[in-house]
Amino acid sequence: MKTISQYFGNLCSEKYKTLGFYKRSIALGRIRNDILQTFSLKLYYRAPFCTVQFAVSPLCMPYPIHIDTGVYELDQFMAGMHEERLGWVYDKNSEDSMIACVQSISNAIDIYLLPFFDSCCDCKSSLEEMIKLEKLLDNNRKQWLHRIGEQDKAAPLQELSLFDSRKYYMALKSNNWNYAYQYLDHQIKSCKSSLKSFDDPNGPKQPNIVKERYIQSLAEYSEQMDKLQSQDYCYFIKLVDYNEKQMKEFLATKYPKLRQG
């Protein structure tokens, strides 16, 4: 009997290759202008349910990125498909169950994921669409928590969103200097806060290498902030151009069949 991964791979390979998606194992991806769109099956091996993880990544971020990269999950589009958990349930011992599960996932891809991908044409539009998507998914998450009677203990969306370097490089590529400033400012404050907690005698103890990494990150973010505030935009243009050249070379070697979709 086939596994659900095989059913997923076979269906998606046949169905989405006409849209320019290249399949490798249970992951699919396509390049669209200066971004990479990816989605793949995510299995929970200790429980019989699954979902699809997906991402839109700028080619101008530091490489490598892989087509099995996932940032968001497909079931997050719904405010809870089940009272007790998200995801698609299947019986691994039933061919009919796995086929039905994969077909249901494919329908959700058509309804929710493909329109999102279609709206992401380049770095500029992708940044805008990802911010809108995160607001939608966060609202869905809160609705689901309300349904099951759980308290929302997550950090504010804006704080979580500004940790995503993908959106930062999209902002740099599209000359969105305001968003780039917000990102760098958030990173600098976060690094300083962490370093302060490391120096607290009553705080959690960390190995020296952890502190050194935060110090290095703070220095890098601070340098880029100085460049941004001095309006040295040529620095960032050269940075994204270099990154994109390196990324394209990596993808061409790693996934030679990956193409514009």
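Not measured: the values here are computed from a predicted model.

1. Points about the environment of Leu-145
Mapping Leu-145 onto the fold places it in helix H3 (residues 123-148). Look at Leu-145 and you get buried, because its relative accessible area is 13%. Not counting residues up to four positions away in its chain, the partners in contact with Leu-145 are Glu-150, Gln-151 and Asp-152.

2. A look at the pattern of salt bridges
Applying the stated rule across the entire model yields 17 salt bridges. The residue Lys-211 makes a salt bridge to Asp-199 at a minimum N-O spacing of 3.0 Å. With Lys-211 in helix H7 (residues 208-229) and Asp-199 in helix H6 (residues 177-199), the pair connects residues that are 12 residues apart, well separated along the chain. Notably, a salt bridge pairs Glu-244 with Lys-248, separated by 3.4 Å at the nearest N-O pair. Here Glu-244 pairs with Lys-248, and both are found in helix H8 (residues 233-254), just four residues apart, close to one helical turn. For Lys-248, a relative accessible area of 44% gives the class partly exposed. Where salt bridges share partners, they join Asp-34, Lys-173, Glu-244 and Lys-248 into one cluster.

3. Regarding the packing of aromatic side chains
Per the counting criterion, the structure on display carries 20 aromatic pairs. Ring geometry for Phe-39 and Phe-117: centres 6.5 Å apart, planes at 40°, overall tilted. Placement of Phe-39 in strand S3 (residues 35-44) and of Phe-117 in helix H2 (residues 95-119) is noted, with a sequence separation of 78 residues between them. Just as Phe-39 is buried, Phe-117 falls in that class too. Ring centres of Phe-54 and Phe-77 lie 5.9 Å apart, and the angle between their planes is 15°; on these two criteria the pair is classed as stacked. Note that Phe-54 is positioned in strand S4 (residues 49-58) and Phe-77 in the loop between strand S5 (72-73) and strand S6 (88-89), a separation of 23 residues in sequence. Judged by its relative accessible area of 0%, Phe-54 is buried. Relative accessible area serves as the criterion here: at 11%, Phe-77 is assigned to the buried category. Feature note: the residues Tyr-16, Phe-21, Phe-39, Phe-54, Tyr-72, Phe-77, Tyr-112, Phe-116 and Phe-117 constitute an aromatic cluster, connected by ring pairs.

Reading the values: the criteria
Residues numbered from 1 in each chain as written. Predicted model: local features only at pLDDT ≥ 70, side-chain atom pairs only at ≥ 80, totals over all residues. Heavy atoms only, no water. Helix = DSSP H or I, 4+ residues; strand = E, 2+ residues; numbered from the N terminus. Buried < 20%, exposed > 50% of the residue type's maximum accessible area, 1.4 Å probe, protein only. Contact = heavy atoms within 4.5 Å. Salt bridge = Lys/Arg side-chain N within 4 Å of Asp/Glu carboxyl O. Phe/Tyr/Trp six-rings, centres within 6.5 Å; stacked < 30°, edge-to-face > 60°.

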